[in-house]
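Examining the three-dimensional arrangement
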Amino acid sequence: MKQYVMALDQGTTSSRCIIFDKQGKMKSIAQKEFTQIYPKPGWVEHDPMEIWSSQVSVATEAMAKLGIRAEEIASIGITNQRETTIVWNKHTGQPISNAIVWQCRRTSGYIEELKKNGVETYIKECTGLVVDAYFSATKVKWMLEHVPGAREEASKGNLLFGTVDTWLIWNLTKGKTFVTDYTNASRTMLFDIKKLQWDKKILGELDIPENMLPEVKPSSCIYGNTDRSIFGEEIPISGAAGDQQAALFGQCCFTKGEVKNTYGTGCFLLMNTGDEAIESKHGLLTTMAACTTNKPEYALEGSVFVAGAAVQWLRDELRLIRTAAESEKYATQVEDTNGVYVVPAFAGLGAPYWDQYARGAIVGITRGSNREHIIRATLESIAYQTYDVLKSMENDLGMSLKSLKVDGGACANRFLMQFQADILETKVHRPECIETTALGAAYLAGLAVGFWKDKEEIKKNWSLSETFEPNMNGEKRSSLIKGWQKAIKRSFDWEE
Ligand SMILES: Nc1ncnc2c1ncn2[C@@H]1O[C@H](COP(=O)(O)OP(=O)(O)O)[C@@H](O)[C@H]1O
Ligand SMILES: O=P(O)(O)OC[C@H](O)CO
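For the protein chain, an unreviewed UniProt entry supplies the name Glycerol kinase and the organism Mobilitalea sibirica. According to its UniProt record, the protein chain has this under Sequence similarities (unreviewed entry): "Belongs to the FGGY kinase family." Its UniProt record gives the protein chain a comment under Function (unreviewed entry), which states: "Key enzyme in the regulation of glycerol uptake and metabolism. Catalyzes the phosphorylation of glycerol to yield sn-glycerol 3-phosphate."

Here's what the structure looks like:
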């Protein structure tokens, strides 16, 4: 009897493998950080081979820690940093260059061209996305135009493009399976989210050959089996979803109106909107939710580019803290930020502002500003950015949200969660398992092979760890938010 499902969670800064049992309990975890490559200001790359090798090594390690063999694993679910773009040669399996990461701003110029060419409205209606360098489309074009010989190889049909899920599945199956799922496809800016097909007009506009693109399938179905040489036995790969959609699923937000916010490298607020692709009037994205059938499901998303990454910046660049967890200790040593605001617009601003040229700012500094104030202001900026996207969502829907489910690494920070509840004036629910992204991928994989019967069975596994109740005086709250709104404007349109 197979007792486990394995989730491969390929994030922006680390590759993780978590093995879950039927109750959704983590039985084993292994994690490995990998190299972040910054060739120029605003550029971010990963080595696809390191993504692949780190992912296999954590999977093997997690199995060894639990003392299990491949035969005991019912299936594998893949979840991944989205939009990050890999192009490789289908005969040799060699990537033609480093992966261009979702945070990379190098293709901002192409975005200006698309806007000039008057296709912005068409792209938004077709893909649900705001036209931005964040998504894969212009990254593929960049590779075809800048990697020597790439255009010619592509026209001969020798190149494949994939997001990280596709790259991992292709390697796990030794080149037998070239697929992606709806959620990842919906982040490329090449996929028509209503017709569920690659869009020929956008492909033509960007001069991307359609034969480079993978087949698109639901997020829960058997894609193929791992090659025997990898884990000693074949294991079905039966779940795949972008990490934010996987987290929505892992939080059991199965019905229309349910919302979660994931605090990882960035911060991503998603609401399940059921079978309705709601078009935002307030700077949010329409994206696909993980679905278990051919019937599409949608979500509204507020994407904040820098959240936990700002805490890493405090640690690695400013060297104000030694560990991310220490940020909580320092933040609570002062009563407030003494008027300091940090705006972590390191990679421009995502929702709801979509300013490719915004850059980070620290404002309100006086002679009395100290380390604790800056640390606290950095944590608070995560909550303010979430406030901005949540207000946009409420404005789109004409209703106010009563509570928010949270997950991701930075939601371990109790100061941040309390401040979040205070600023939103909303209850914040943190579940027992904050590794919801991996859990969602495991659920998608397990459902496809009958490890779990249905969503009702899965829902019983969700359990609450803590609720943070709003507890801030309204006047103080309004004045803090007003200060944030002033601060963020100072970061706009900085880079020429
Ligand atoms: N206690 C903490 N307080 C604040 N931030 C934290 C804390 N623990 C982790 N983080 C931040 O959370 C992020 C890691 O979360 P994770 O969900 O693993 O992200 P990802 O999947 O994007 O790699 C890092 O950016 C880290 O700085
Ligand atoms: O790696 P994460 O968890 O920060 O997620 C990155 C997002 O998928 C980018 O869209």
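Now that the structure has been shown, we can carry on.
Quick word on the site of ligand 1
Surrounding ligand 1, one finds 15 residues, the nearest of these being Arg 16, Thr 265, Gly 308, Gly 409 and Asn 413. Note that an oxygen atom of ligand 1 is positioned 2.8 Å from one of the side-chain N or O atoms of Arg 16. Taken by itself ligand 1 offers 580 Å² of open surface, and the protein chains cover 83% of this. When each cavity is represented as a set of grid points, ligand 1 is found to reside in the largest pocket. The greatest single-element share of the shell around ligand 1, amounting to four residues, is contributed by helix 11 (residues 308-316). Class assignment of the residues belonging to the shell around ligand 1 gives a composition of five nonpolar, nine polar and one charged.

Examining the site of ligand 2
Around ligand 2, the structure places Gly 11, Thr 12, Gln 81, Arg 82, Glu 83, Trp 102, Tyr 134, Asp 243, Gln 244, Thr 265, Gly 266 and Phe 268. One nitrogen or oxygen atom from the side chain of Glu 83 is found 2.7 Å from an oxygen atom belonging to ligand 2. Take Asp 243: an N or O atom from its side chain is 2.6 Å from an oxygen atom of ligand 2. For ligand 2, the protein covers 92% of the area, taking 310 Å² as the surface of the free molecule. Here ligand 2 occupies the largest pocket. A per-class count over the shell around ligand 2 returns three nonpolar, six polar and three charged.

Re empty space enclosed by the protein
What the rule picks out here adds up to two cavities of 30 Å³ or more. Around the largest cavity sit Gln 245, Leu 248, Phe 249, Cys 253, Phe 254, Asn 272, Ala 289, Ala 290, Glu 297 and Lys 455, which together line it. A total of three residues in the lining of the largest cavity trace back to one element, the largest contributor, which is helix 10 (residues 243-250). Residue composition of the lining of the largest cavity, by class: six nonpolar, two polar and two charged. The computed volume of the second largest cavity comes to approximately 40 Å³. Lining the second largest cavity we find Ser 303, Val 304, Phe 305, Leu 349, Gly 350, Ala 351, Tyr 353, Gln 385 and Ile 488. Its residues placed into classes, the lining of the second largest cavity shows six nonpolar, three polar and no charged.

Quick word on the sheet that holds strand 15 (residues 259-263)
Strands sit in the order 17-18-16-15-21-22-23 across an open sheet of seven strands; the sheet is mixed. The open sheet terminates on both sides in strands that have one partner only, identified here as strand 17 (285-288) and strand 23 (464-468). Geometrically, the sheet is characterised by an average inter-axis angle of 30° between neighbouring strands, direction not taken into account. Both strand 16 (residues 267-272) and strand 18 (residues 298-304) contribute to a ladder of six bridges, which runs antiparallel.

Here is what the cut-offs are and how they apply
- Residues numbered from 1 in each chain as written.
- Chains lettered and ligands numbered in written order.
- Predicted model: local features only at pLDDT ≥ 70, side-chain atom pairs only at ≥ 80, totals over all residues.
- Heavy atoms only, no water.
- UniProt positions renumbered as here; feature names shortened; annotations may be inferred.
- Near = heavy atom within 4 Å.
- Polar contact = N/O pair within 3.5 Å; in protein donor to acceptor, adjacent residues only side chain to side chain.
- Areas by Shrake-Rupley, 256 points an atom, 1.4 Å probe, with all protein chains shown as cover.
- 1 Å grid on protein atoms, 1.4 Å probe; cavity = no way out; pocket = protein on both sides within 12 Å on 5 of 7 lines; lining within 4 Å.
- Sits in = over half its atoms within 2 Å of the grid points.
- Helix = DSSP H or I, 4+ residues; strand = E, 2+ residues; numbered from the N terminus.
- Nonpolar A, V, L, I, M, F, W, Y, C, P; charged D, E, K, R; others polar.
- Points joined across faces, edges and corners; volume = space filled by probe spheres on them.
- Pairing = 2+ DSSP bridges.
- Axes fitted to C-alpha atoms, helices over the stretch in contact; angles between N-to-C directions.

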